[in-house]
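Coordinate analysis (summary)
Residue-level listing of the chains:
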Amino acid sequence: MKWIGEVLVSYGEGGVYNERMLDGARVWDPFRSKLAALYYRGKGIELEPAMRVLYLGAANGTTVSHVADYTDTVYAVEFAPRPMQDLLVVARRRENIVPVMADAARPEQYAPLVEMVDLLYQDVAQPNQAAIAIRNSVFLKKGGVLVLMLKTRSVDIRKEPAEVFRDTIETLEANGFAVKEHVWLEPYHHDHAAIVCRKL
Amino acid sequence: MPAYWFGDVEGGSCTPFSGNAREIAERARALRISMEDFEPLNWELAVSCGICHDRAEYLAKLREACFFAAERDIREQYAGKDTELLHMVRTLDEMDTVINLLSERVVEWYQIRQPAFSRKYRRTPSNLMVRKIREKNRGALGNVAGQVESLSAARTDLAREVSSRANRVLPNTSALIGGLVAARLMAEAGGLLPLARLPASTIQVLGAKTALFAHIRTHTPSPKHGVIFQHRRVHNAPRAVRGRVSRVLAGKLAIAARLDHYRGVAVPEFLERAQEKIDAAGMEGKA
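**What about the confidence of the model for chain B?**
Residue and element names in this part refer to chain B.
- Confidence in the prediction for chain B averages 89 pLDDT; 99% of positions are at 70 or higher.
- Averaged over each element, pLDDT in chain B is lowest for helix H12 (residues 232-235) (83) and highest for helix H7 (residues 171-177) (95).
- With pTM at 0.80, the complex prediction returns an ipTM value of 0.93.

Printed below as a string of structure tokens:
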């Protein structure tokens, strides 16, 4: 990852969401992006120029734009029309983003469009987050990496976040993933955890 | 037989699909893929298929189709008759908040200028109060009061428009409970389809979230009504039968919402019987 001093940056056309610029690089704010928070916590995997990424829960395309700065191709899946409007504008100006309007829980909807990827990144506010990741793992190469941003409050508001976290890790390990790292995203995001695993 | 956006592949040979972005988008939507031993595509297949020469061209074609599909899907989702109504209701509610806040503030400000003024023993409604303040004051205070007035006028217009649009979008629900309240119910539910899927018991307490959760958590008495209280049949009913009226009304609203969503036109036979039932529920207490 590229750092200028203590600041995480990416190189690409700026002005996507009024992000700060530093020496011609786009500052990647950990308080706005969970993936940036993961790097600030000293975890996560290096994004490489040759990587192909399947990004579930692309939202407004803020984090997507940074990931696209680092990687070869990003398949950005988003379901809701309002954020999709923004995502399309971002994708128009970044030729390595393929915007896909579909439900991440139903990969059969976009299966004819998406190729094999090296990284599966998931940030969706759904109760069945582990199941969604497992269903999408068909697009992930053997040995590829899954980065799952777990919104524990979306899974079950009545359960303790730590319990949801544990359950999710167990489900992933039982379904062909080896968990490499798991970390809470405090102080950047509350009750959010990141799980990094490798597909066996 | 694996089918991808650019063609069908069988036993190593590929039948390309030639079409423009729109046709590819249609094809991708129509393809029924089984995820059982599904094999994701390899972009080089598209080259051997004769669809493109290199990766850049591959991505450009795919992107064009994806943009088309996404724009089409967004348009289709927004075309729902309820989408704009939803925003109109929310704007209306927010305008109410703003108008109340500003008129309170303007009156407070006026009291500083007129130390002898007090609202005690006066029954001036706040809109008249604001008008008086505008007439009597120049400069910023009078200006702001004038803005509050024109905001109120815009609010009245908007309310009328919400009501008439609700009559079109929710003909049955509006007939039972009035356009404005029908629109509010729909906004609480988040749309016409979500409203049509709600059980009557939920419709009865839509908009009474605080009371409902207080009931669930600490066993305070359950709320009898939410948004539907705004309808005269509920708030004019004698206390003793109010719960009954709102229960019956909510039951009929649940049916009405489903008619609105699945048929989209007013159903007079249903409405007539429903009105009778609701009226009867209100009469029982008096008999």
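**Here we look at helix H11 (residues 209-218) of chain B**
- Little of H11(B) sits out of view: just zero of its 10 residues are buried.
- Downstream of H11(B) by one or two residues, His219(B) has phi in the positive range, about 60°.

**Looking at the sheet that holds strand E1 (residues 2-4) of chain A**
Residues and elements named next belong to chain A.
- Taken together, four strands build an open sheet; the order of strands is E1-E2-E4-E3 and the sheet is antiparallel. The sheet is open, and its two edges are formed by E1 and strand E3 (21-22), each paired on a single side.
- Pairing between E3 and strand E4 (residues 25-27): two bridges, direction antiparallel. Along E4, the bridge assignment pairs Met21 with Arg26.

**Description of the packing of aromatic side chains**
- Evaluation of the coordinates by the stated rule reveals 16 aromatic pairs over all chains.
- Centroid distance Phe6(B) to Tyr58(B): 6.4 Å. Interplanar angle 70°. Geometry classified as edge-to-face. Separated by 52 residues along the polypeptide, Phe6(B) in the loop between strand E1 (3-4) and strand E2 (7-10) and Tyr58(B) in helix H3 (residues 55-78) bring together distant segments of the chain. One exposure class covers both Phe6(B) and Tyr58(B), and it is buried.
- Counting every residue linked through ring pairs, the aromatic cluster contains Tyr110(A), Phe139(A), Tyr4(B), Trp5(B), Phe6(B), Phe38(B), Trp43(B) and Tyr58(B).
- Positioned over the ring face of Phe67(B) is Arg92(A), at 4.0 Å from the centre of the ring.

**Some points on the interface of chain A and chain B**
- With 29 residues of chain A at the interface, the matching set in chain B holds 24 residues.
- Buried surface at the junction of chain A and chain B, summed over both partners, amounts to about 2,400 Å²; 66% is from carbon and sulfur atoms.
- When residues of chain A are sorted by the area they lose upon contact with chain B, Met101(A), Pro112(A) and Leu113(A) head the list and together hold 25% of the total.
- Connecting chain A to chain B are three salt bridges.
- Ionic pairing is found between Arg55(B) and Glu115(A), a salt bridge with its closest N-O pair at 2.7 Å.
- Among the secondary structure elements, those contributing two or more residues to the side of chain A that touches chain B are strand E6 (73-78), helix H3 (81-93) and strand E7 (97-101) of chain A.
- Looking at the side of chain A that touches chain B, the element that brings in the most residues is H3(A), giving seven residues.
- When the residues that make up the side of chain A that touches chain B are grouped by side-chain class, the tally is 18 nonpolar, three polar and eight charged.

So, how was this worked out
- Residues numbered from 1 in each chain as written.
- Chains lettered and ligands numbered in written order.
- Predicted model: local features only at pLDDT ≥ 70, side-chain atom pairs only at ≥ 80, totals over all residues.
- Heavy atoms only, no water.
- pLDDT = per-residue confidence, 0-100.
- Helix = DSSP H or I, 4+ residues; strand = E, 2+ residues; numbered from the N terminus.
- Buried < 20%, exposed > 50% of the residue type's maximum accessible area, 1.4 Å probe, protein only.
- Pairing = 2+ DSSP bridges.
- Phe/Tyr/Trp six-rings, centres within 6.5 Å; stacked < 30°, edge-to-face > 60°.
- Lys NZ or Arg CZ within 6 Å of the ring centre and 35° of its normal.
- Contact = heavy atoms within 4.5 Å.
- Buried area = accessible area lost by both parts, 1.4 Å probe.
- Salt bridge = Lys/Arg side-chain N within 4 Å of Asp/Glu carboxyl O.
- Nonpolar A, V, L, I, M, F, W, Y, C, P; charged D, E, K, R; others polar.

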